[in-house]
Amino acid sequence: MASGLALGFGTGIGGLGLGLFGILIDFNGVTSAILLMAIIPILAGLISLSIRTQS
């Protein structure tokens, strides 16, 4: 059940993101959407570096 919920959540969020990127493409073009898709994981990686680990 937990894996089904996680899979459904990921699919739902992906569908919402697809719609948002579609709107972005309509207004700004494909290049800006591809650039944003490249920047988001880089930002997520940089934010994850700030997470402290307990030792």
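Residues numbered from 1 in each chain as written. Predicted model: local features only at pLDDT ≥ 70, side-chain atom pairs only at ≥ 80, totals over all residues. Heavy atoms only, no water.

(A) Summary view of the overall build of the protein. Each helix and strand counted, the protein has two helices and zero strands in total. Computed over the C-alpha atoms, the radius of gyration of the protein is 15 Å, more than 25% above the 10 Å expected from 2.2 N^0.38 for a compact globule of 55 residues. Dimensions of the protein along its principal axes, counting C-alpha atoms only, are 45 × 30 × 10 Å. Counting every position in the protein, which comprises 55 residues, the buried fraction comes to 5%. Accessible surface for the protein amounts to roughly 4900 Å². Of this, 76% is attributable to carbon and sulfur atoms. (Helix = DSSP H or I, 4+ residues; strand = E, 2+ residues; numbered from the N terminus. Rg over C-alpha atoms; globule rule 2.2 N^0.38 Å. Buried < 20%, exposed > 50% of the residue type's maximum accessible area, 1.4 Å probe, protein only. Areas by Shrake-Rupley, 256 points an atom, 1.4 Å probe, with all protein chains shown as cover.)

(B) Representation of the environment of Ser-32 in the model. Within the secondary structure layout, Ser-32 lies in helix H2 (residues 30-49). A relative accessible area of 25% places Ser-32 in the partly exposed class. With 26 residues separating them along the chain, Ser-32 and Ala-6 place their C-alpha atoms 30 Å apart. Among the polar contacts listed, one links the side chain of Ser-32 to the backbone oxygen of Gly-29, at a separation of 3.0 Å. (Polar contact = N/O pair within 3.5 Å; in protein donor to acceptor, adjacent residues only side chain to side chain.)

(C) View of helix H1 (residues 2-28). The end-to-end C-alpha distance of H1, which contains 27 residues, comes to 38 Å, matching closely the 39 Å that a straight helix rising 1.5 Å per residue would cover. At the C-terminal side of H1, Gly-29 shows a positive phi close to 105 degrees. (Expected span 1.5 Å × (residues − 1).)

(D) Just the packing of H1 against H2, in detail. Viewed as axis vectors pointing N to C, H1 and H2 meet at an angle of 135 degrees, and their least axial separation amounts to 7 Å. The pairing of H1 with H2 is recorded here as oblique in orientation. On the side of H1, the interface is formed by Phe-21, Leu-24, Ile-25 and Asn-28, while H2 contributes Val-30, Ser-32, Ala-33, Leu-36, Met-37 and Ile-40. The residue makeup of the contact of H1 with H2, split by class, is eight nonpolar, two polar and no charged. (Axes fitted to C-alpha atoms, helices over the stretch in contact; angles between N-to-C directions. Parallel < 35°, antiparallel > 145°, perpendicular 65-115°, else oblique. Contact = heavy atoms within 4.5 Å. Nonpolar A, V, L, I, M, F, W, Y, C, P; charged D, E, K, R; others polar.)

(E) Layout of a nonpolar patch on the surface. Residues Leu-35, Ile-39, Ile-42, Leu-43, Leu-46, Ile-47 and Leu-49 make up a contiguous nonpolar surface patch of about 730 Å² in total accessible area. Mapped onto the elements, Ile-42 comes out in helix H2. (Patch = residues over 30% accessible without salt bridge, like charges linked within 9 Å, V, L, I, M, F, W, Y side chains within 5 Å. Salt bridge = Lys/Arg side-chain N within 4 Å of Asp/Glu carboxyl O.)

Worth remembering: the numbers are spatial, not functional.
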